[in-house]
Amino acid sequence: MKKAASIFLALCLGAALFAGCAQQGGLADADGLSDAQVAAEAAAGAEGNLPADGEDVPEGAYVIVVQDADDGTPIKDVMVQFCSDAECRMEKSDGDGRVAFEADPGKYTVKLLKVPSGYAGSEEEIAMTASSRKTVITLKKTKKKKKIGEETNAAAEEEAQQAPSYRKTDASWDCPKTGFVLELPANIKDFEGQVFGRDCGEVKAGSGVVYGYMGYAGRTDADRSTANELIAGLDFVSDPEGAEQKAREIVDEYNSVGEIPVLVIVGIRDGVNYDEAMKLIFDEGEMGKTGDLGKVGDYRYYYVATNPDVLLAPYKDKNSDEMLSEVRSLMDQAEEIGKSVKVKGPAESACHREVNK
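Rules of the game
Residues numbered from 1 in each chain as written. Predicted model: local features only at pLDDT ≥ 70, side-chain atom pairs only at ≥ 80, totals over all residues. Heavy atoms only, no water. Helix = DSSP H or I, 4+ residues; strand = E, 2+ residues; numbered from the N terminus. Buried < 20%, exposed > 50% of the residue type's maximum accessible area, 1.4 Å probe, protein only. Areas by Shrake-Rupley, 256 points an atom, 1.4 Å probe, with all protein chains shown as cover. Pairing = 2+ DSSP bridges. Disulfide = S-S within 2.5 Å. Phe/Tyr/Trp six-rings, centres within 6.5 Å; stacked < 30°, edge-to-face > 60°. Salt bridge = Lys/Arg side-chain N within 4 Å of Asp/Glu carboxyl O. Core = buried A, V, L, I, M, F, W, Y, C linked by side-chain atoms within 4.5 Å. Expected span 1.5 Å × (residues − 1). Arc of directions from axis to C-beta. Polar contact = N/O pair within 3.5 Å; in protein donor to acceptor, adjacent residues only side chain to side chain.

With that settled, consider the overall build of the protein. Looking only at helices and strands, one finds 8 helices and 16 strands in the protein. Counting every position in the protein, which comprises 357 residues, the buried fraction comes to 51%. Per element, the accessible surface of the protein, about 15,700 Å² overall, is 47% carbon and sulfur.

For sheets, the rule is that strands pair by backbone hydrogen bonds, running either parallel or antiparallel. If you walk across this open sheet you meet the 3 strands as S8-S9-S15, and the pairing is antiparallel. Here the strands that pair on one side only, and so sit at the sheet edges, are strand S8 (172-175) and strand S15 (342-343).

Here we take up the state of the cysteines. The tally for this structure, following the rule as stated, stands at 1 disulfide. Residue pairing for Cys83: its cysteine sulfur links by disulfide to Cys88, the two sulfurs lying 2.0 Å apart. One quick way to see it: the torsion about the S-S bond of Cys83 and Cys88 is about 110°, and its sign makes the bridge right-handed.

Quick look at the packing of aromatic side chains now. Under the counting rule described, the total for this entry stands at 7 aromatic pairs. Where Phe82 meets Phe101, the ring centres are 4.7 Å apart and the plane angle is 5°; that geometry is what we call stacked. Taken together, the positions of Phe82 in strand S2 (residues 79-83) and Phe101 in strand S4 (residues 98-102) put the pair 19 residues apart, joining distant regions of the chain. Note on accessibility: Phe82 and Phe101 belong to one class, buried. The interplanar angle of 75° and the centroid separation of 6.5 Å between the aromatic rings of Phe191 and Tyr216 together place this pair among those described as edge-to-face. In this pair, Phe191 is assigned in the loop between strand S9 (180-183) and strand S10 (194-202) and Tyr216 in strand S11 (residues 209-217), connecting sequence segments 25 residues apart. Each of the two residues, Phe191 as well as Tyr216, counts as buried. Put simply, the rings of Tyr62, Phe82, Phe101 and Tyr108 touch in pairs and so form one group of aromatic residues.

Before going further, it helps to examine the pattern of salt bridges. According to the stated counting rule, one finds 12 salt bridges in the structure shown. Note that Lys246 and Glu249 form a salt bridge whose closest N and O atoms lie 3.9 Å from each other. Placement of the pair is Lys246 and Glu249 together in helix H5 (residues 240-255), with a separation of 3 residues, close to one helical turn. With relative accessibility at 40%, the residue Glu249 sits in the partly exposed group. Ionic pairing is found between Lys339 and Glu335, a salt bridge with its closest N-O pair at 3.8 Å. With a gap of 4 residues between them, Lys339 and Glu335 both fall in helix H8 (residues 321-339), about one helical turn apart. Judged by relative accessible area, which is 21%, Glu335 ranks as partly exposed.

Our next topic: the nonpolar core. For soluble globular proteins, the rule of thumb is that nonpolar side chains tend to be buried together. By size, the foremost hydrophobic cluster in this structure holds 31 residues, and its most contacted members are Leu182, Val195, Met214, Tyr216, Leu263, Ile265 and Leu330. Secondary-structure elements contributing two or more residues to this core are S8, S9, S11, strand S12 (260-269), strand S14 (299-306) and H8. Per-element tally for this core: the top contributor is H8, with 6 residues. Among the nonpolar cores identified, the runner-up in size contains 19 residues, and Val78, Phe82, Leu112 and Tyr119 belong to it.

A word on unusual backbone geometry. Phi is positive for Asp77, which is not a glycine, with a value near 65°. Checked against the element boundaries, Asp77 lands in the loop between strand S1 (61-68) and S2.

Judged by which residues are buried, S4 turns out to be one-sided: Val99 and Phe101 face inward and are buried, whereas Arg98, Ala100 and Glu102, on the alternate face, are not. Here S1 pairs with S4 via 5 bridges, running antiparallel. Residue pairing for S4: Val63 is matched across the bridge by Ala100.

Taking 1.5 Å of rise per residue, 12 residues should cover 16 Å, and helix H4 (residues 221-232) covers 16 Å from first to last C-alpha, within 8% of that figure. Burial in H4 covers these residues: Arg224, Ser225, Ala227, Asn228, Ile231 and Ala232. For H4, the angular spread of the buried residues around the axis is 165°, confining them to a single face. By the N-cap criterion, in which a side-chain oxygen at the helix start approaches the backbone nitrogen of a residue two or three places on, H4 is capped by Thr220, the distance to Ala222 being 3.3 Å.

What follows is the structure in structure tokens.
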């Protein structure tokens, strides 16, 4: 898929993608919000929970600031992990103690993987939402400098010792940017692999084409737990470069199963050619059965079940027979799921994503 491919198949190269991801790490919803609450927050687009330090958060971004607990000075080179339901990223704080992650409005978790010498590590995992897109984390100085090798990542150790918790998705997904509600079959909650949704909205500014989709990734609870443990065991203190490289390798292997699009909902504005609109999203041969979902306002909607022969081909060797069976089962249901979609017209207010693991 063209525009969609960068979202469907892009590999996350950040380290420790799995530890504590409530995206969907432990993939638990650390903030405890329901889907309806997240959608309401996103629609409101509020920033009322931002710290009152005078800095606005750029649109489409989340900001983390790390400061000294005693005097408020910024702390540089703190390794910050930022997790959504489908991926995690990792960046170091700059000279202002600041890290910014570009991301759609939604639910995310933040934790510190590594702190500079002289500061005590933080075990805190912070939830960020559509209305809370900035947070300040404070660190206390250690009473005495530790020798290399004595530092421990308490949060990582705890993560390695405990199995991550997951939350199954609700019975439906509300996708306001694209403008539809999708009801999920009950059997999806029994899948071992991950079933996830994306509300992508407009393909590109001014295109008049919006889309969202349901996808599948052949990864299990055990796979995530193993990756958590491997990354938690890396030495980010005495060998940061080596640990980061190894973490990326673990992440690449974890992501190698692919994120396979199963059902795509497309909205096309009046005056936009249908064939040209579909070419913005799909490559040749990727579209399977397609149906008209009706018109709302200036947009006519279609469901597109993807072609398993084309979409599964790159990942057959990377997925187990059980996972391939699950994704084929989901693809077999795609047309019926698509027919049940309720369209309501796109809203430019928010992006909502959920995962069943």
